[in-house]
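Here is what each chain is made of, one letter per residue.
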6 protein chains.
Amino acid sequence: MKTPGIRPSRDVGTLLEALPYIREFHGRTIVVKYGGAAMTDPALREEFARDVVLLKYVGLNVIVVHGGGPDITKYMRRLDMEVEFVDGLRVSDADTVEIAKMVLIGKVNKDIVLRINRYGQAAVGLSGDDGNLFRAAKQLATGGQDIGFVGRIEKVDVDVLNHIAQDYIPVVASIAADADGASYNVNADEAATAVARAMGAYKVMFLTDVEGWMRDPADPTSVISEAHADEVEAALPSISGGMRPKLQACIDAIHGGVTFAHIVDGRVPHSLLLELFTDAGIGTKIRAAR
Amino acid sequence: MKTPGIRPSRDVGTLLEALPYIREFHGRTIVVKYGGAAMTDPALREEFARDVVLLKYVGLNVIVVHGGGPDITKYMRRLDMEVEFVDGLRVSDADTVEIAKMVLIGKVNKDIVLRINRYGQAAVGLSGDDGNLFRAAKQLATGGQDIGFVGRIEKVDVDVLNHIAQDYIPVVASIAADADGASYNVNADEAATAVARAMGAYKVMFLTDVEGWMRDPADPTSVISEAHADEVEAALPSISGGMRPKLQACIDAIHGGVTFAHIVDGRVPHSLLLELFTDAGIGTKIRAAR
Amino acid sequence: MKTPGIRPSRDVGTLLEALPYIREFHGRTIVVKYGGAAMTDPALREEFARDVVLLKYVGLNVIVVHGGGPDITKYMRRLDMEVEFVDGLRVSDADTVEIAKMVLIGKVNKDIVLRINRYGQAAVGLSGDDGNLFRAAKQLATGGQDIGFVGRIEKVDVDVLNHIAQDYIPVVASIAADADGASYNVNADEAATAVARAMGAYKVMFLTDVEGWMRDPADPTSVISEAHADEVEAALPSISGGMRPKLQACIDAIHGGVTFAHIVDGRVPHSLLLELFTDAGIGTKIRAAR
Amino acid sequence: MKTPGIRPSRDVGTLLEALPYIREFHGRTIVVKYGGAAMTDPALREEFARDVVLLKYVGLNVIVVHGGGPDITKYMRRLDMEVEFVDGLRVSDADTVEIAKMVLIGKVNKDIVLRINRYGQAAVGLSGDDGNLFRAAKQLATGGQDIGFVGRIEKVDVDVLNHIAQDYIPVVASIAADADGASYNVNADEAATAVARAMGAYKVMFLTDVEGWMRDPADPTSVISEAHADEVEAALPSISGGMRPKLQACIDAIHGGVTFAHIVDGRVPHSLLLELFTDAGIGTKIRAAR
Amino acid sequence: MKTPGIRPSRDVGTLLEALPYIREFHGRTIVVKYGGAAMTDPALREEFARDVVLLKYVGLNVIVVHGGGPDITKYMRRLDMEVEFVDGLRVSDADTVEIAKMVLIGKVNKDIVLRINRYGQAAVGLSGDDGNLFRAAKQLATGGQDIGFVGRIEKVDVDVLNHIAQDYIPVVASIAADADGASYNVNADEAATAVARAMGAYKVMFLTDVEGWMRDPADPTSVISEAHADEVEAALPSISGGMRPKLQACIDAIHGGVTFAHIVDGRVPHSLLLELFTDAGIGTKIRAAR
Amino acid sequence: MKTPGIRPSRDVGTLLEALPYIREFHGRTIVVKYGGAAMTDPALREEFARDVVLLKYVGLNVIVVHGGGPDITKYMRRLDMEVEFVDGLRVSDADTVEIAKMVLIGKVNKDIVLRINRYGQAAVGLSGDDGNLFRAAKQLATGGQDIGFVGRIEKVDVDVLNHIAQDYIPVVASIAADADGASYNVNADEAATAVARAMGAYKVMFLTDVEGWMRDPADPTSVISEAHADEVEAALPSISGGMRPKLQACIDAIHGGVTFAHIVDGRVPHSLLLELFTDAGIGTKIRAAR
């Protein structure tokens, strides 16, 4: 017999608050771009894995897409390779891409897979090569500068994702090859957008290290909770820094048929669940133009 | 744009606490005997419907079994019929059974079905007649007294339940006919037990108007959280009142292969969710003998 | 060894005559509006149950829809309630609807289900509430008079019917709730028509207590065996009495895509089989305009 | 409008009488050995085709097995070939078997297939070669006499039958090849028995040109309606003529797991339907020993 | 232990050369018109059976269509029947058609089926009667001369082919009946074309006893390896002899949606495999007009 | 029109020789341990990818398992890490395993996947982490020496393999984690054996850089073509060098239910096809003890 003791919780508040959202999202595809503090902070990455498993269990078709720039840089430094960026894109010779593939697919991806597995729902890691998931084409920097094996995603073959998402949580590393089999670095935000569009996702959620889209970037209380795509597009020219490509990715997703795009603060524990399953939400939610 | 306002919750505590339970119960059958305050109190019955829908959405195969004695008595009184009980069983001539069928199937069952429907997951009401779900045999009162059309469930054909539970929440009224087509009143606790056994349920949960099984019935703090079936059987001879048949039903369920039988206080809002999805639980949980 | 004795039949005439019809109707949906003498006469209702089972066995998808006005009136009288009709519609306060639900779903429906079960093919009873089968809206009497909870069917969700009709004979009581969960009396002819249209039925058959549509209502030999919908529409203004709404229901069914609508004399034993499976037929068969 | 006229039938007697049998046989396999007058008489063979289609429509899995000795003999005579029998088995050199195959598969089988097709349910003809349905081994006449390519069925591969029986009526010619691909004449009663055993059939029915098994072969009123296999075995040594191998085939079928074996008078129109669907039956029905 | 001995082959050349073709043809339907030396020469017909089995094993949906004129003539002569041709069409009274059916279905077809079976992949023989595969209409000779039961194929019902092709190799004899059940001789090239069109085949291949379509019929080295349908049509008026109807059949197939039509020299061992799986090919391949 | 030119091959010898083997292996699982020259030589690795695609196309369920020791060593040297082996096992601290995972999964595995993709059949790369494919346990060197994160495979969960093998060629890297999520180097021969056993494979084939098992290791003509497991076990104590663990892996596979284990010379172009599809074979084939 269990002896009476400390009762951890005697209410089911957030569970009940979540019901209408669980109902709304049931069976739908949610693509999560994973990165930033949620991927580097040891406590946050455990919480992330747990949250993702919960999403799967309550009936969402969750797909994780990730990059891993800092780890690539770290390994390049260990190998005395030169690290250079143009327009925020990593200048990539063949050796750089080989290092990037090894780090993203062999290390970062498997770390995520193992953590998700541990919370009771098996994940399967994929790169753009597996099942011909992605086909890339070379991308030039602004002004047409050749920065090597940096690519855009030209084509997504969702068969392998649909196949695996039946029973597993797919975890996708943002690496892709072109038609000749040459590999390219691909921006992970772009990869998440491409996956969300190709899957006809209900939501794409970008985990970032800011509170969301802020009217005044210096004032975290100025976060805009909801916006329409046309408002974002109108505002885009006046936005600078890392928020601009994130908002661009949101707009690309919406234009590609994704219903909602979210910018979520990955530094907040359980930010995914808070944004998805509470009335208050967290971060910025963008929907199609009125 | 959503104007900043009151944020109803900024934590997802019970949702996270629920994850291991959602995982454990996923795809399993949970039979809920519904009755008492949870069925008569207007606020509690709304909460019950909402909870049941949540259970379905997070992947449990939930089946509701109900009686409805007070409503039967009320209608009998309106019709100037005599209401008589022997051993807690309603003495039932043919007219009484007809009233009982009409009240349970035509009124109580449909009220439950409509309430569940409103929370976004369709329910389908069933009686023991539908799809030959139950076959009854006449039951005598203690000492062999004939009290009319009062029956035990001899046979459960789960085909119709399995059929409907694929897409709907089955709601079962405790009415059954014998092989000749004569209808009988059946005790709803027994009906829930019979359904749970036949379905190979993981849990059967009896909603009651007490805190659970108490060491001292006068002291609500003496609730026994967990017990083994052999402990319950050993204690049974010394237990009197309404708790005795409930505990007997629990033991019958366990002996019939049900993994856990619960006695839950239906007066507590969301008692189902608290018992299923929180570490503390609520009420008494009985498992097989050690 | 069987001793030679009386040989009940040495021909298989109607079986052979039925073959082309069995072939024609194989796999098709036939909605039967059940009522009148076929539902009240003890011998006829046994024959009806047997016939319905035969239809299912020879491969038709048979759906029974029923009302039960006389039983409702009988119970209202037992309860000293006032029984009032306007335009043939029962004036229905909330208490009246509650009685109607109890009688139709809890008594009449289960009687039909049990009788069909006994002939070897299980039936499942449904009301408009089960699986959100029907959604009703309030209907006013002629001149806009409010006669309470009397409704029209606005929407039919056939999922639950298709689900159950795979393995069972669905038996539908003509009760429906509106979007807020308030219940309404619904005319059973209308309910049968609504089901037939939503199911894309091949036939809807109305069992009545007359020979069919008669040129001269006083002359039973003047039954019109077959008619086109436009002939019926042209004749409608000059028709009075109970035949008029029946013929209107037939026309509504045809306009909604049902191939044939039949008015069949339910007082004739096995009228369903005679109309469906013999060359002569019985009653009136209406098809689309030329 | 249909003018009132002669109404061919106003009762559905045999249809109703058939219901319990339709229910009993639903989904079960019935193997019919086709031959004799039912195959040669122009009127009877039309009725046979119609009956077989009816059996399929009311849900039986009907398989026809046939020989065709008289047609073989006719063609052999046209070709001036010598026709010789030993123990009722046709002495068969390679040329004889070639003629037999051509006649049975190319003529008799296709005649049956075309007639069944015409009644609205497509048939597919098979020989023992198709899909490796049969494998034969050489059979010697009494006393070990070699009579050429006359064979017993050693093995039945039911895959092709099950495949085709899903949507078509299989019609099987009693020709089989051995492991080396040499073809053999096979007795059609034996082929029917082999198919019935391999399919786990519910019934095998032998159409013959006698009333059934008669206590006194000279007295048609002495037909034994039902018998147990042990009674037949006990009687066998005293039975002579063509009835003996028929009864032996019945016993072999019963011993191989077939529930009932029938000897039916094929000269009676619709004998199949009369035996299957009327209480009186026709012919002799044999079941397992008590 | 295997003793070292003669090693039959130490290269896998044609296997590798075949890969791109296997890939191209995987899952596609290939209809082979079988006839000529490949059907009469004992060695060639063994090779043919082996090749067809190989096609099935490497994933092609192969369907064999055959005639058998020489065998029909042989039997007609044995029966002292007059053999007469008009425009290359056999003048066919009812008796002639009966002989043709027996020979094609009962002898030729089963010989092919047995040979294919022996190479490890079961075949099922079909005529146009089985499963209503073909429906024929009477065809007149040039000038409207009535030459009896000689027919064109009016309709192909591919259900039975698709059914059988799942697990077996269908082998189709070119016999067909009209709507009244009267049987007709049908040209096997036409039958192959009709099957290929109805199946939406990727290829139809005509096995003939010439090298292919030759620029100069007297010069076997003038074979045209590939041609477009419009080239063939342009050349047709100037072509005489047996090649003309073959080329016409090719054009009919292409116009009916078949991607490629081949004329292949059946006298060359393994001509099917050489044409399908080697870069060189053999014979003439015709594709749609540019 | 194709101009007559060089015809690359006019025979289909090996294709025909392959037929009985294609038939035998159809639908069966073949696990290939890939390594050695076949993985490092640029020409051989192209041929390998092409061969594997051919195997898939002709209906084999082919699974590739690989290691990649030389690449790991190369990267460790680039990073100035110490490379040390005990008993042929790489001494592995956490950093070494991280490098090994990155090289095997992120580089070697994706190179194989991309090459297979290019030949027209998509592959999907897997590590032991994906879908919980492998669970490892720490392995000690001889004498119980702790050599770090070197593991044995304790458990194989074939669900993810079966899932992916339906539509793709699985390519498995020999990396595995223990129950706590710590990663281990696993010997690739062992991984191939574990996969073959868990899949109930028909064959496991080890590609090596020797001719096979030689009676006299110095004499390549002494290769033993076929052996029974008991012969191998008897010979094992007297065998030294790299052949010993290979033969041990073969025996483990056979004892685990794999039907055949092969040691194949990967330096020979198309060695897989030669061993599988030619009568001569190549290398050593081991089967269960007599």
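Residues numbered from 1 in each chain as written. Chains lettered and ligands numbered in written order. Predicted model: local features only at pLDDT ≥ 70, side-chain atom pairs only at ≥ 80, totals over all residues.

S.K.: Is there a simple way to explain the overall build of chain A in this structure?
M.R.: Across its full length, chain A holds 10 helices and 14 strands. Taken against the 2.2 N^0.38 rule, which gives 19 Å for 290 residues, the C-alpha radius of gyration of chain A at 19 Å falls within 12% of a compact globule. Its C-alpha atoms give chain A principal-axis dimensions of about 65 × 45 × 35 Å. Within chain A, the proportion of its 290 residues that are buried is 54%. (Helix = DSSP H or I, 4+ residues; strand = E, 2+ residues; numbered from the N terminus. Rg over C-alpha atoms; globule rule 2.2 N^0.38 Å. Buried ≥ 20, exposed ≤ 12 C-beta atoms within 10 Å, placed from the backbone.)

S.K.: What is the right way to read the pairing of strand β5 (residues 123–126) of chain E from this model?
M.R.: Remark: a regular strand shows side chains that alternate across the two faces of the sheet. All names here are of chain E. Side chains of β5 alternate between two faces, with Ala123 and Gly125 and Val124 and Leu126 buried alike. Judged from the four bridges that link them, β5 and strand β8 (residues 169–173) form a sheet pairing that is parallel. Within the sheet, the bridge partner assigned to Leu126 lies in β8 and is Val172. (Pairing = 2+ DSSP bridges.)

S.K.: Would you explain the pairing of strand β11 (residues 203–208) of chain E in this entry?
M.R.: All names here are of chain E. The element β11 is largely enclosed, with a buried count of six among its six residues. Residues of β11 alternate between two faces, with Lys203, Met205 and Leu207 on one and Val204, Phe206 and Thr208 on the opposite face, all of them buried. In the sheet, strand β1 (residues 29–34) pairs with β11 via four bridges, with the strands oriented parallel. By the bridge assignment, Val32 is partnered in β11 with Met205.

S.K.: Explain the arrangement of the chains to me, please; I cannot follow it from the model alone.
M.R.: Without any contact between them, chain C and chain E keep their closest C-alpha atoms 17 Å apart. The closest approach of any C-alpha atom in chain C to one in chain F is 30 Å; the two make no contact. (Contact = placed C-beta atoms within 7 Å.)

S.K.: Could you clarify how one ought to interpret the sheet that holds strand β12 (residues 226–228) of chain C in this entry?
M.R.: Think of a sheet as strands paired side by side through backbone hydrogen bonds, with each pair either parallel or antiparallel. All names here are of chain C. Read from one edge to the other, the open sheet built from eight strands follows the order β5-β8-β2-β1-β11-β13-β14-β12, with strand pairing classed as mixed. One side of each edge strand has no neighbouring strand; the edge strands of this open sheet are β5 (123–126) and β12. Averaged over all pairs of adjacent strands, the angle between strand axes in this sheet comes to 20 degrees, irrespective of strand direction. (Axes fitted to C-alpha atoms, helices over the stretch in contact; angles between N-to-C directions.)

S.K.: Please explain the environment of Asp159 of chain F as it appears in this structure.
M.R.: All names here are of chain F. Looking at where Asp159 falls in the secondary structure, it is placed in helix α6 (residues 159–165). Overall, Asp159 belongs to the partly exposed group, with 14 C-beta atoms counted inside 10 Å. For the pair formed by Asp159 and Met199, sequence separation is 40 residues and the distance between their alpha carbons is 9.7 Å.

S.K.: Would you take a moment to explain helix α1 (residues 13–25) of chain F for this structure?
M.R.: Residues spaced three or four apart along an α-helix point in a common direction, a consequence of the helix completing one turn every 3.6 residues. Spanning 13 residues, α1 of chain F covers 19 Å between terminal C-alpha atoms, matching the ideal 18 Å at 1.5 Å per step. Of all bends in α1 of chain F, the biggest is about 40 degrees, found at Leu19 of chain F, and the proline Pro20 of chain F comes one to four residues later. Those residues of α1 of chain F that sit buried are Thr14, Leu15, Ala18, Leu19, Ile22 and Phe25 of chain F. Tucked into the core, α1 of chain F has its buried residues touching α1 (13–25), α3 (42–57) and α10 (271–277) of chain E together with β1 (29–34) and α10 (271–277) of chain F. (Expected span 1.5 Å × (residues − 1). Bend = angle between axes of the 7 residues up to and from the residue.)

S.K.: Just to check I follow, could you spell out the interface of chain A and chain F for this structure?
M.R.: By a frequent convention, interface size equals the accessible area lost on bringing the separate parts together. Between chain A and chain F, the contact holds 29 residues from the first and 29 residues from the second. When residues of the side of chain A that touches chain F are traced back to their parent elements, those giving at least two are α5 (94–118), β5 (123–126) and α6 (159–165) of chain A. With 13 residues, α5 of chain A is the largest single contributor of residues to the side of chain A that touches chain F. Of the residues in the side of chain A that touches chain F, the class split is 12 nonpolar, eight polar and nine charged. (Nonpolar A, V, L, I, M, F, W, Y, C, P; charged D, E, K, R; others polar.)

S.K.: I'm lost on the packing of helix α4 (residues 69–78) of chain D against helix α5 (residues 94–118) of chain D in this one. Help?
M.R.: The description of two packed helices rests on the angle between their axes and on the distance between the axes. All names here are of chain D. At their nearest, the axes of α4 and α5 sit 9 Å apart, and the two run at 125 degrees to each other. Between α4 and α5, the interaxial angle falls into the category oblique. Relative to α5, α4 is oriented so that their crossing is right-handed. Contacts from Asp71, Ile72, Tyr75 and Met76 in α4 reach Thr96, Ile99, Ala100, Val103, Lys107 and Val108 in α5. (Parallel < 35°, antiparallel > 145°, perpendicular 65-115°, else oblique. Left-handed = near helix turned anticlockwise from the far one by under 90°.)

S.K.: Please explain the packing of helix α1 (residues 13–25) of chain C against helix α3 (residues 42–57) of chain D as it appears in this structure.
M.R.: Taken N-terminus to C-terminus, the directions of α1 of chain C and α3 of chain D make an angle of 55 degrees; their axes are 10 Å apart at the nearest point. Comparing the axis directions of α1 of chain C and α3 of chain D gives the class oblique. As for the relative orientation of α1 of chain C and α3 of chain D, their crossing is left-handed in sense. For the pair formed by α1 of chain C and α3 of chain D, the contact residues are Leu15, Leu16, Leu19, Ile22 and Arg23 of chain C on the first element and Arg50, Val53, Leu54 and Tyr57 of chain D on the second. Taken together, the residues of the contact of α1 of chain C with α3 of chain D sort by class into seven nonpolar, no polar and two charged.

S.K.: Just to check I follow, could you spell out unusual backbone geometry for this structure?
M.R.: A positive phi is found at Asp80 of chain B, a non-glycine position, where the angle reads about 55 degrees. Mapping Asp80 of chain B onto the fold places it in the loop between α4 (69–78) and β3 (85–86).

S.K.: How do you make sense of the relation of the copies chain A and chain F when you look at a structure like this?
M.R.: Two chain copies, one operation linking them: a rotation about an axis together with a shift along it. For the pair chain A and chain F, the relating rotation is 180 degrees, the translation along its axis is 0.0 Å, and the fit reaches an RMSD of 0.0 Å. On this basis, the relationship between the two copies can be described by a two-fold rotation axis. Interface overlap between copies is the fraction of interface residues in one copy that are interface residues in the other; for chain A against chain F it reaches 100%, indicating a shared surface. (Least-squares fit on C-alpha atoms with pLDDT ≥ 70 in both.)

S.K.: Help me understand the UniProt feature "binding site: substrate" (unreviewed entry) in chain A, please; the structure alone is not making it clear to me.
M.R.: All names here are of chain A. This chain's UniProt record puts "binding site: substrate" (unreviewed entry) on Gly68, Gly69, Arg90 and Asn185. A maximum C-alpha distance of 12.0 Å is found for the annotated residues, which run over 118 residues; spatially they form one tight group. Mapped onto the elements of the fold, Gly68 is located in the loop between β2 (61–66) and α4 (69–78). Residues within four places of Gly68 in sequence aside, it is in contact with Val103, Leu104 and Val108. Mapped onto the fold, Asn185 is located in strand β10 (residues 183–186). In this view, Asn185 contacts Arg90, Ser92, Val97, Ala100, Phe149, Val150 and Gly151; residues no more than four positions away in its chain are not counted. (UniProt positions renumbered as here; feature names shortened; annotations may be inferred.)

S.K.: Looking at this model, I keep getting lost on the UniProt feature "site: Transition state stabilizer" (unreviewed entry) in chain A. Mind explaining?
M.R.: Residues and elements named next belong to chain A. The residues that UniProt annotates with the feature "site: Transition state stabilizer" (unreviewed entry) are Lys33 and Lys246. Look at the named residues: they lie 214 residues apart in sequence, but the longest C-alpha span between them is just 10.6 Å, so in the fold they bunch up. Along the polypeptide, Lys33 turns up in strand β1 (residues 29–34). For Lys33, a count of 30 C-beta atoms within 10 Å puts it in the buried group. Beyond its immediate stretch of four places on either side in the chain, Lys33 contacts Val65, Ala188, Asp189, Ala192, Val204, Met205, Phe206 and Leu207. Not counting residues up to four positions away in its chain, the partners in contact with Lys246 are Asp189, Phe206, Thr208 and Ile263.

S.K.: Sorry, what's going on with the confidence of the model for chain A here?
M.R.: Reading predicted coordinates in detail is not appropriate for stretches of low pLDDT. With 96% of its residues at a pLDDT of at least 70, chain A reaches an overall mean of 90. Scored below 50 in pLDDT, residues 1–9 of chain A makes 16 contacts in the model with residues more than four places away or belonging to other chains. (pLDDT = per-residue confidence, 0-100.)

S.K.: Just to check I follow, could you spell out the sheet that holds strand β12 (residues 226–228) of chain F for this structure?
M.R.: Residues and elements named next belong to chain F. Ordered by their spatial adjacency, eight strands build an open sheet running β5-β8-β2-β1-β11-β13-β14-β12, and the pairing between neighbours is mixed. Strands with a single pairing partner mark the edges of an open sheet, and in this sheet they are β5 (123–126) and β12. Across the sheet, the mean angle separating the axes of adjacent strands is 20 degrees when strand polarity is ignored. The strands touched by helix α5 (residues 94–118) within the sheet are β2 (61–66), β5 and β8 (169–173), with β8 carrying the most contacts at an inclination of about 160 degrees. Lying on the sheet, helix α7 (residues 188–199) is in contact with β1, β2, β8 and β11 (203–208); it crosses β1 at an angle near 175 degrees.

S.K.: Help me out: how do you make sense of the environment of Asp219 of chain B in this one?
M.R.: Residue and element names in this part refer to chain B. Within the secondary structure, Asp219 sits in the loop between β11 (203–208) and β12 (226–228). The class of Asp219 is exposed, set by 10 C-beta atoms lying within 10 Å. In this structure the C-alpha to C-alpha distance between Asp219 and Gly13, which are 206 residues apart in sequence, comes to 31 Å.

S.K.: Could you clarify how one ought to interpret α1 of chain E in this entry?
M.R.: For α1 of chain E, the elements touching its buried residues are β1 and α10 of chain E together with α1, α3 (42–57) and α10 of chain F. With its phi angle positive at about 80 degrees, Gly27 of chain E sits one or two positions after the end of α1 of chain E.

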